[in-house]
Amino acid sequence: EVQLVESGGGSVQPGGSLRLSCAASGFSLRTKWMHWVRQAPGKGLVWVSYINNDGTVTTYADSVKGRFTMSRDNVKNTLYLQMNSLRAEDTAVYFCASDLNCGFDYWGQGILVTVSS
Amino acid sequence: QSALTQPPSASGSPGQSVTISCTGTSSDVGGYNYVSWYHQEPGKAPKLMIYEVSKRPSGVPDRFSGSKSGNTASLTVSGLQAEDEGDYYCASKAGSRLWVFGGGTKLTVL
């Protein structure tokens, strides 16, 4: 069974950093493009970032470019999102998701990140 | 990277059909056949319902269908059932390795 499990969320002050992890099981991560998607409380889904199979190409939404870095370790079957210079507007549930022909087929359960002083 | 436009709400009675629209531009919906649709229930992760405009993943009932005309994509749910309630989101490729979601539509089964 395919599973994606996020971890590393929590509360942080504005300007702080957090590193999210997404552990994959039931499939080999190296076979999939991957994404991070976030959802602020009571709001809609927002695409955050993408990474290709071997981690050599990443893209980001304008709102996080220069502050967030996505990476992967295909040996550990784990995806990461390093979030720096966090702002209140980054408060959201963060989902990792795998790519199926430019759609998002498998999703993690989500992890809450709260940025507040 | 502006969000795609969806109606905030839609509704229908059990057994009826409902269609949800998703309007973008020639830089996203109109430029690629990579529109996807998701169903999200409260407190849960989204579920992929349609990808590549009209393809259904394994396990998704054929009551769900997708289409696209120009810069507008549509999701039709036929034979509405109570379990179809929830939020529906469209998404589209929006450039080289860029994606964008719609604002979401809350579907109510009356």
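Whatever comes next refers back to the structure up there.
Nothing here was measured: the structure is a model prediction, and the numbers come from that model.

Rules of the game
- Residues numbered from 1 in each chain as written.
- Chains lettered and ligands numbered in written order.
- Predicted model: local features only at pLDDT ≥ 70, side-chain atom pairs only at ≥ 80, totals over all residues.
- Heavy atoms only, no water.
- 1 Å grid on protein atoms, 1.4 Å probe; cavity = no way out; pocket = protein on both sides within 12 Å on 5 of 7 lines; lining within 4 Å.
- Points joined across faces, edges and corners; volume = space filled by probe spheres on them.
- Helix = DSSP H or I, 4+ residues; strand = E, 2+ residues; numbered from the N terminus.
- Nonpolar A, V, L, I, M, F, W, Y, C, P; charged D, E, K, R; others polar.
- Phe/Tyr/Trp six-rings, centres within 6.5 Å; stacked < 30°, edge-to-face > 60°.
- Lys NZ or Arg CZ within 6 Å of the ring centre and 35° of its normal.
- Pairing = 2+ DSSP bridges.
- Axes fitted to C-alpha atoms, helices over the stretch in contact; angles between N-to-C directions.
- Disulfide = S-S within 2.5 Å.
- Buried < 20%, exposed > 50% of the residue type's maximum accessible area, 1.4 Å probe, protein only.

## As for the layout of surface pockets
Line of reasoning, step 1. Considering only enclosed or pocket space, the largest pocket measures out at about 350 Å³ in volume.
Line of reasoning, step 2. Taken together, 23 residues form the lining of the largest pocket, with Gln39(A), Gln40(B), Pro42(B), Gly43(B) and Asp87(B) sitting closest to its centre.
Line of reasoning, step 3. Counting only elements with at least two residues in the lining of the largest pocket, the list comes to β9 (92-100) of chain A together with β7 (86-93) and β9 (105-109) of chain B.
Line of reasoning, step 4. Estimates place the volume of the second largest pocket at around 240 Å³.
Line of reasoning, step 5. Lining the second largest pocket we find 15 residues, and of these Val46(A), Trp47(A), Gln1(B), Ala3(B) and Val100(B) sit closest to its centre.
Line of reasoning, step 6. Grouping the amino acids of the lining of the second largest pocket by side-chain chemistry returns eight nonpolar, six polar and one charged.

## Things to note about the packing of aromatic side chains
Line of reasoning, step 1. Enumeration according to the criterion identifies ten aromatic pairs over all chains in this entry.
Line of reasoning, step 2. Put simply, the rings of Trp33(A), Trp47(A), Tyr50(A), Phe95(A), Phe104(A), Trp107(A), Tyr38(B), Trp99(B) and Phe101(B) pair up and form one aromatic cluster.
Line of reasoning, step 3. When the ring centre of Tyr80(A) is taken as reference, the NZ or CZ atom of Arg19(A) above it lies at 3.9 Å.

## Comments concerning the sheet that holds strand β3 (residues 18-25) of chain A
Residue and element names in this part refer to chain A.
Line of reasoning, step 1. If you walk across this open sheet you meet the four strands as β1-β3-β8-β7, and the pairing is antiparallel. Looking at the sheet topology across the chains shown, the edges are occupied by β1 (3-7) and β7 (68-73). With strand direction ignored, the average angle separating the axes of adjacent strands in the sheet is 15 degrees.
Line of reasoning, step 2. Note that β7 and strand β8 (residues 78-83) share six bridges and pair antiparallel. Bridged to Arg-72 within β8 is Leu-79.

## Quick notes on the state of the cysteines
Line of reasoning, step 1. This structure, assessed with the given rule, holds two disulfides over all chains.
Line of reasoning, step 2. For Cys22(A), the disulfide goes to Cys96(A), at an S-S distance of 2.0 Å. Taking the torsion about the sulfur-sulfur bond, which here is approximately 65 degrees, the covalent link between Cys22(A) and Cys96(A) counts as right-handed. A residue pair is termed long-range when its members are at least 10 positions apart, and Cys22(A) in strand β3 and Cys96(A) in strand β9 qualify at 74 residues.
Line of reasoning, step 3. In this model Cys102(A) remains outside any disulfide bridge; the closest cysteine sulfur is found in Cys22(B), 15 Å from its own.

## A look at the pairing of β9(A)
Residue and element names in this part refer to chain A.
Line of reasoning, step 1. Most of β9 is tucked away: seven of the nine residues are buried.
Line of reasoning, step 2. Note: strand β4 (residues 34-39) against β9, six bridges, orientation antiparallel. Bridge pairing in β9 places Gln-39 opposite Val-93.
Line of reasoning, step 3. Where β9 and strand β11 (residues 111-115) come together, three bridges link them in antiparallel fashion. Along β11, the bridge assignment pairs Val-93 with Leu-112.
Line of reasoning, step 4. Pairing between β9 and strand β10 (residues 103-107): three bridges, direction antiparallel. The partner of Ala-97 across the bridge, within β10, is Trp-107.
Line of reasoning, step 5. Counting the residues between successive antiparallel strands, the hairpin from β9 to β10 contains two residues, one of them, Asn-101, with a positive phi of roughly 45 degrees.

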